[in-house]
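Observations on the three-dimensional arrangement
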Amino acid sequence: MTKPMNVLWIMADQLRWDYLSCYGHPHLETPNIDRLAGRGVRFTNAYVQSPICGPSRMSSYTGRYCRSHGSTWNGFPLRVGEPTLGDHLREIGVRPVIVGKTHMKVDTRGMEWLGIDPDSTIGVSISECGFEPFERDDGLHPYGSYDPDPDYDKHLRANGLDSENPWEDFANSGKGDDGELLSGWLLKYSNLPANIPEELSETPYMTGRAIDFMEQAGDKPWLCHLSFIKPHWPYIVPAPYHDMYGPEHVIAPVRSEAEKATTHPVYGAYIKSRICRSFARDDVRERVIPAYMGLIKQIDDQLGRLFAYMENKGLMDNTMIVMTSDHGDYLGDHWMGEKELFHDVSVKVPLIVYDPRREADATRGLVRDELVEGIDLAPTFLSCFGGKAKPHVMEGRNIEPLLHDAGRPAGWRRYAISEYDYALQEARQILGNDQKDARLIMIRDERWKYVHAEGFRPMLFDLQDDPAEFRDLGEDERFADIRQRMADAIFHWARQHHNRITMAPETIDRMSGREPRGIVIGVWDEAEYEALNKEPFAARKRA
């Protein structure tokens with residue numbers, strides 16, 4: 001490869017792994033994503049480190065688990081000084097750019113304490129998760145707390161869609177029979193076309209901004225994180241996507257009556273919560289899911305536009321392309337809405353990696369079932385650009401061996417782990433437990449999925465005999481040994497170093513067994529010193 005390597009990292013927000021045709025959806029055709037899978041590797045067991053936007057993304061951007069970076073829920077700042085992928089890439093001359101959403105919340109107090117100007121170069125980097133903000137847009141504006149006046153709103157006003165909140169009034173609302181605005185926040189109106197020309201809606205706009213970046217990127221190697229806001233709620237999509245799918249395309253919910261009678265307090269509290277009660281209704285599912293499918297179809301069409309541009313510019317020859325999501329969406333499965341527990345529809349994500357390098361020719365079109373995690377992408381990107389591994393900082397694994405060799409690497413991970421802090425949620429209010437105890441940890445191996453629930457019994461699922469995760473074996477005495485083994489695995493994981501990030505392993509090895517220069521501890525006399533250090537004791541004095 002004569003041109004410098006680039007990376008295009010595509011993340012769709014709240015995209016379920018099984019809502020792509022290459023992952024088996026029976027009605028939703030995604031040919032452009034499918035073609036990417038045919039040119040790369042498609043992973044079937046990719047897990048995010050938290051089933052909610054902010055913590056999942058902070059793990060992906062740092063290569064570290066939630067217990068390590070500390071940003072455990074949306075709006076919980078990533079602390080100043082937490083190293084990110086952007087920081088690592090900038091060190092080796094790679095330009096890390098964001099186009100779209102990060103869900104990063106700035107640690108303003110930490111920046112004030114350290115005297116960092118938010119508008120300085122380092123201040124902007126810290127505020128943007130280490131990325132250069134070519135176009136930062138987290139949606140939910142202007143009432144959200146991320147950006148009260150984003151460029152997208154200015155773009156809509158410049159195209160004649162002017163209001164106090166064009167994002168909501170046009171991109172995320174429909175119109176009634178009398179021309180009245182009907183908010184896309186209300187699930188009842190998900191079947192309406194969004195009140196906006198399709199070409200001005202969020203997904204085409206952000207795709208165009210990624211193309212704008214590539215047009216002016218120059219010869220310096222870059223990583224472009226194209227982070228779509230959709231198919232995340234509000235569930236409303238412009239014509240012609242609003243009626244491409246109907247109730248006849250809605251897959252029957254994956255749930256059982258036995259689940260509804262769960263004895264697990266946390267799961268039971270979620271089922272009782274308002275959002276889950278809504279999505280347990282068939283009329284809600286039949287109104288929302290067609291719009292959700294339309295939003296995904298629009299993403300696929302826009303990726304076709306982007307990939308055609310890249311082919312025309314020769315960028316497919318030297319750009320690794322990764323397609324994934326930050327978490328899934330229950331959509332009524334397991335009597336749940338949103339994405340806040342650990343069933344696969346929530347915590348497992350699509351992951352497709354196209355590597356243009358010759359070393360990847362042996363795995364093109366391969367489907368792999370090894371356990372991989374969202375935190376694996378950061379060390380993989382660093383290696384792809386020729387950077388030195390940082391295992392003391394990033395807890396993920398470089399997946400290049402899975403991209404370049406069809407065989408299974410020796411010693412590959414046995415477990416995938418995800419965490420969730422439900423302190424702010426209605427479920428905790430129903431339970432009445434203390435916020436410090438509102439903590440869940442999932443661990444799964446090739447067969448078993450175990451969920452530690454602080455203060456309550458665990459949950460356990462046999463993914464081999466019960467792939468739909470209907471039967472919770474968390475209090476079945478026949479599986480006590482399995483539960484103990486999985487609990488021990490969590491304890492082993494929790495005991496690992498996760499904050500010793502300022503000293504590389506080779507530095508520690510080099511220092512091991514040696515006293516600092518000029519210090520002599522526990523040595524009896526000159527002869528013993530000279531035997532240990534292979535130099536005269538007098539030389540120490542001169543030094």
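Before reading further, recall that the structure is shown in the block above.
Report on the accompanying structure. Because the structure is predicted, anything quoted here is derived from the model rather than measured.

Cut-offs applied
Residues numbered from 1 in each chain as written. Predicted model: local features only at pLDDT ≥ 70, side-chain atom pairs only at ≥ 80, totals over all residues. Heavy atoms only, no water. Helix = DSSP H or I, 4+ residues; strand = E, 2+ residues; numbered from the N terminus. Rg over C-alpha atoms; globule rule 2.2 N^0.38 Å. Buried < 20%, exposed > 50% of the residue type's maximum accessible area, 1.4 Å probe, protein only. Areas by Shrake-Rupley, 256 points an atom, 1.4 Å probe, with all protein chains shown as cover. Lys, Arg positive; Asp, Glu negative; His and termini not counted. Charge placed at Lys NZ, Arg CZ, Asp CG, Glu CD. Contact = heavy atoms within 4.5 Å. Polar contact = N/O pair within 3.5 Å; in protein donor to acceptor, adjacent residues only side chain to side chain. Pairing = 2+ DSSP bridges. Axes fitted to C-alpha atoms, helices over the stretch in contact; angles between N-to-C directions. Parallel < 35°, antiparallel > 145°, perpendicular 65-115°, else oblique. Left-handed = near helix turned anticlockwise from the far one by under 90°. Nonpolar A, V, L, I, M, F, W, Y, C, P; charged D, E, K, R; others polar. Patch = residues over 30% accessible without salt bridge, like charges linked within 9 Å, V, L, I, M, F, W, Y side chains within 5 Å. Salt bridge = Lys/Arg side-chain N within 4 Å of Asp/Glu carboxyl O. Core = buried A, V, L, I, M, F, W, Y, C linked by side-chain atoms within 4.5 Å. 1 Å grid on protein atoms, 1.4 Å probe; cavity = no way out; pocket = protein on both sides within 12 Å on 5 of 7 lines; lining within 4 Å. Points joined across faces, edges and corners; volume = space filled by probe spheres on them. Disulfide = S-S within 2.5 Å. Phe/Tyr/Trp six-rings, centres within 6.5 Å; stacked < 30°, edge-to-face > 60°. Expected span 1.5 Å × (residues − 1). Arc of directions from axis to C-beta.

Some thoughts on the overall build of the protein
Within the protein, the secondary structure is distributed over 21 helices and 15 strands. In terms of overall size, the protein behaves like a compact globule, its C-alpha atoms giving a radius of gyration of 25 Å where 543 residues would be expected to give roughly 24 Å. When its C-alpha atoms are laid out on the principal axes, the protein stretches across 100 × 60 × 50 Å. When burial is assessed residue by residue, the protein has 59% of its 543 residues classed as buried. For the protein, the accessible surface area stands at approximately 22,900 Å², while carbon and sulfur atoms represent 51% of it. Between the averaged position of the 65 positive side-chain charges in the protein and that of its 86 negative side-chain charges there is a distance of 4 Å.

Let's talk about the environment of T380
Inspection of the secondary structure assignment puts T380 in helix α15 (residues 377-384). Under the relative-accessibility criterion, T380 is labelled buried at 2%. Measuring from C-alpha to C-alpha, the distance between T380 and L181 comes to 46 Å, with 199 residues separating the pair along the chain. Beyond its immediate sequence surroundings of up to four residues, T380 is in contact with R397, N398, I399 and E400. For T380, the side chain forms a polar contact with the main-chain oxygen of D376, separated by 2.7 Å.

Examining the sheet that holds strand β13 (residues 439-444)
Two orientations exist for strands paired in a sheet by backbone hydrogen bonds: parallel and antiparallel. Taking strand neighbours across the sheet as the criterion, the 4 strands line up as β12-β13-β14-β15 in an open arrangement whose pairing is antiparallel. Only two strands of the sheet have a single neighbouring strand rather than two, namely β12 (416-421) and β15 (459-462). Averaged over all adjacent pairs, the angle separating strand axes in this sheet is 10°, with direction ignored. Of the pairings in the sheet, the one linking β13 to strand β14 (residues 448-453) comprises 5 bridges and is antiparallel in character. If you follow I441 over to β14, its bridge partner there is H452. Those strands touched by helix α18 (residues 480-495) are β12, β13, β14 and β15, and its axis lies near 65° from that of β14.

Some remarks on the packing of helix α9 (residues 202-216) against helix α13 (residues 282-313)
Put simply, α9 and α13 touch, their axes get as near as 9 Å, and they point 15° apart. When the interaxial angle is binned, α9 and α13 end up roughly parallel. Taken as a pair, α9 and α13 cross one another with a handedness that is right-handed. On α13, the residues touching T203, P204, T207, G208, I211, M214 and E215 of α9 are Q298, I299, Q302, R305, L306, Y309, M310 and K313. Class assignment for the residues of the contact of α9 with α13 results in 7 nonpolar, 5 polar and 3 charged.

Side note on a negative patch on the surface
The grouping of D525, E526, E528 and E530 at the surface amounts to a negative patch. Note on placement: E530 falls in helix α20 (residues 526-533).

Structural notes on the nonpolar core
One finds W9, F43, L223, M320, F381 and L440 to be the most contacted residues of the largest nonpolar core, which totals 69 residues. Not counting residues up to four positions away in its chain, the partners in contact with W9 are S60, Y61, L85, F131, L223, C224, H225, L226, V322, T324, L377 and F381. Judged by nonpolar contacts, the second largest core, of 61 residues, contains L200, V250, Y292 and I296.

Quick notes on empty space enclosed by the protein
Under the definition given, this model contains 5 cavities of 30 Å³ or more. One number sums up the size of the largest cavity: a volume of about 90 Å³. Lining the largest cavity are 14 residues, with T324, S325, V349, G374 and L377 positioned closest to its centre. When residues of the lining of the largest cavity are traced back to their parent elements, those giving at least two are β2 (41-47), α2 (53-62), β8 (319-325) and β9 (348-354).

Some points on the state of the cysteines
The full count for this structure, using the stated rule, is 0 disulfides. Here C53 is not disulfide-linked; the sulfur of C66 is the nearest cysteine sulfur, at 12 Å. Residue C66 is classed as buried on the basis of its relative accessible area, which comes to 3%.

Some remarks on the pattern of salt bridges
A side chain with one charge can pair with a side chain of the opposite charge if their charged atoms come near. Going through the model one piece at a time under the given rule, you end up with 44 salt bridges. With a shortest N-O distance of 2.7 Å, D476 and R478 are connected by a salt bridge. For R478, a relative accessible area of 63% corresponds to the exposed category.

With respect to the packing of aromatic side chains
Tallied over the full model, the rule gives 16 aromatic pairs. With 5.4 Å between their ring centres and 85° between their planes, F213 and W222 make a pair best called edge-to-face. When the ring of W448 is compared with that of F479, the centres are 5.7 Å apart and the planes differ by 55°; the resulting orientation is tilted. With a gap of 31 residues between them, W448 in strand β14 and F479 in the loop between β15 and α18 connect regions that are remote in the sequence. Taking relative accessible area as the criterion, W448 reaches 7% and is therefore assigned buried. These aromatic residues form a ring-pair network of at least three members: W9, Y61, F131 and F381.

A short note on α18
Two residues of an α-helix separated by three or four positions point the same way, owing to the 3.6 residues in each turn. Its 16 residues give α18 an end-to-end C-alpha distance of 23 Å, which sits within 8% of 22 Å, the value for a rise of 1.5 Å per residue. Inspection of α18 places I482, R483, M486, A489, I490 and W493 among the buried residues, and these make up the whole buried set. Down the axis, α18 shows its buried residues gathered within 120° of arc, on one side only. Exposed side chains of α18 directed beyond 90 degrees from the buried face belong to D481 and F491.

Observations regarding the pairing of β15
The two faces of β15 match: M459 and F461 on one face and L460 and D462 on the other face are all buried. Strand direction decides the pairing type here: β14 and β15, joined by 4 bridges, are antiparallel. Looking across to β15, one finds that W448 is bridged to D462. Where β14 folds back on β15, the antiparallel hairpin that results is connected by 5 residues, among which G455 adopts a positive phi of roughly 90°.

Comments concerning the side chain of S21
Looking at the secondary structure, you find S21 in the loop between β1 (6-13) and α1 (31-39). At 2.9 Å, the side chain of S21 and the backbone nitrogen of T30 are in polar contact. Residues in contact with S21, not counting those within four places in the same chain, are L28, E29, T30 and D34.

Some details on the side chain of H25
Within the fold, H25 resides in the loop between β1 and α1. In terms of polar contacts, H25 uses its side chain to reach the backbone amide nitrogen of H27, at 3.1 Å. A polar atom in the side chain of H25 sits 3.0 Å from the backbone nitrogen of L28. Setting aside chain neighbours within four positions, we find H25 in contact with D18, Y19, L20, H249, I251 and M293.

Keep in mind these numbers describe shape, not what the thing actually does.
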